[in-house]
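# Structural overview for review
So you can see what is in the structure, the chains are spelled out below.
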Amino acid sequence: MRLPARSAADLRLADAFEGPGCPVCAEVARTDAQWLESILAESVNDIPFREALDHARGLCPRHVRAVLDADRRRSGSLGAAILLRAMLTARLAEIEAAHTARGWTRARRAEEASRPPACLGCAREATTLAWVTRAVVQLAADDAWSAAAAAAPFCLAHLLLLLRERAAPPN
């Protein structure tokens, strides 16, 4: 039985419920893959995106690997190479600034350079996860969605997020 949907987002979530495994994991993975494809296809030379990437100081190791994998699936590595070069250039400047500094300034700059990046992929993933858990709880007001949620093999982390979202008082 197809779950009732009022929007394209509901349709994609219904597809995640029909597949194997945790539907929240599936939807987050789908949107992550879509985001990676869009940055490789459209955002490599997009100035606002590149400025945001520079400001974030790059991507986390998991999303760097995901960019490489997604670009290889596209039959090439040029998009990933452009993004990785931009990230490495920014990080190299931080390392050089730490290296040329003296005394406490060197220690402070080395500490700043060692901070992990504020990964745009992780931030987007967190936003998607919040939306998906909120949507599942709201859709569960419908009997069909409620039955699907009751039968879904949620992973423990997402089950706990759903319980927390469900327990939150309405805004």
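This write-up is about the structure you can find in this document.

The rules behind the values
- Residues numbered from 1 in each chain as written.
- Predicted model: local features only at pLDDT ≥ 70, side-chain atom pairs only at ≥ 80, totals over all residues.
- Heavy atoms only, no water.
- Helix = DSSP H or I, 4+ residues; strand = E, 2+ residues; numbered from the N terminus.
- Rg over C-alpha atoms; globule rule 2.2 N^0.38 Å.
- Buried < 20%, exposed > 50% of the residue type's maximum accessible area, 1.4 Å probe, protein only.
- Lys, Arg positive; Asp, Glu negative; His and termini not counted.
- Charge placed at Lys NZ, Arg CZ, Asp CG, Glu CD.
- Contact = heavy atoms within 4.5 Å.
- Salt bridge = Lys/Arg side-chain N within 4 Å of Asp/Glu carboxyl O.
- Core = buried A, V, L, I, M, F, W, Y, C linked by side-chain atoms within 4.5 Å.
- Polar contact = N/O pair within 3.5 Å; in protein donor to acceptor, adjacent residues only side chain to side chain.
- Phe/Tyr/Trp six-rings, centres within 6.5 Å; stacked < 30°, edge-to-face > 60°.
- Axes fitted to C-alpha atoms, helices over the stretch in contact; angles between N-to-C directions.
- Parallel < 35°, antiparallel > 145°, perpendicular 65-115°, else oblique.
- Nonpolar A, V, L, I, M, F, W, Y, C, P; charged D, E, K, R; others polar.

### Concerning the overall build of the protein chain
Each helix and strand counted, the protein chain has nine helices and zero strands in total. Written out in order from the N terminus, the α and β elements of the protein chain read α-α-α-α-α-α-α-α-α. For 171 residues, the compact-globule estimate of 2.2 N^0.38 gives 16 Å, and the protein chain exceeds it by more than 25% at 20 Å. In terms of principal-axis extent, the alpha carbons of the protein chain reach across some 65 × 40 × 25 Å. Burial analysis of the protein chain (171 residues in total) assigns 35% to the buried set. Side chains of the protein chain give 22 positive and 20 negative charges; the mean places of these two sets differ by 7 Å.

### Section: the side chain of D10
By the element assignment, D10 lies in helix α1 (residues 8–18). Apart from the residues within four sequence positions on either side, D10 is in contact with A5, L139 and W145.

### Concerning the pattern of salt bridges
One pass over the full model with this rule turns up nine salt bridges. The residue R65 makes a salt bridge to D69 at a minimum N-O spacing of 3.7 Å. With R65 and D69 both in helix α4 (residues 61–73) and four residues apart, the pair spans about one turn of that helix. You can call R65 partly exposed: its relative accessible area is 45%. For E112, the salt bridge is made with R108, and the minimal N-O distance between the two is 3.6 Å. Of this pair, E112 and R108 both sit in helix α6 (residues 103–114), four residues apart, which is roughly one turn of that helix. Given a relative accessible area of 36%, E112 falls into the partly exposed group.

### Quick notes on the nonpolar core
Of all hydrophobic cores here, the largest spans 19 residues; its most connected members are L3, L13, F17, V24, V136, W145 and F154. Where this core is concerned, the elements lending two or more residues are α1, α2 (23–43), α7 (120–139) and α8 (143–151). A per-element tally of this core places α7 first, with five residues. Excluding residues within four positions of it along the chain, V24 makes contact with L129, V132, F154, H158 and L162.

### Quick word on the side chain of R57
Along the chain, the position of R57 falls in the loop between α3 (47–56) and α4. Separated by 3.3 Å, the side chain of R57 and the backbone oxygen of E112 make a polar contact. Residues contacting R57, with those up to four places away along its chain left out, are R91, E94, E112, A113, R115, P116 and P117.

### Side note on the packing of aromatic side chains
Using the criterion set out here, one finds two aromatic pairs in the structure. Aromatic pair F17 and W145: ring centres 5.5 Å apart, planes at 90°, arrangement edge-to-face. Taken as a pair, F17 in helix α1 and W145 in helix α8 lie far apart in primary sequence, 128 residues in all. Between F17 and F154, the aromatic rings sit 6.0 Å apart at their centres with planes inclined by 85°, giving edge-to-face as the arrangement. Of this pair, F17 sits in helix α1 while F154 sits in the loop between α8 and α9 (156–167); the two residues are 137 residues apart in sequence, bridging distant segments of the chain. Each of the two residues, F17 as well as F154, counts as buried. An aromatic cluster is defined as three or more aromatic residues linked by ring pairs; in this entry it consists of F17, W145 and F154.

### With respect to the packing of α4 against helix α5 (residues 78–100)
Following both chains from N to C, one finds α4 and α5 inclined at 155°, their axes separated by 8 Å at the closest point. It follows that α4 is roughly antiparallel to α5 by the angle criterion. Across the interface between the two elements, V64, V67, L68 and D71 of α4 pack against L78, G79, A80, L83, L84 and M87 of α5. Residues belonging to the contact of α4 with α5 are distributed by class as follows: eight nonpolar, one polar and one charged.

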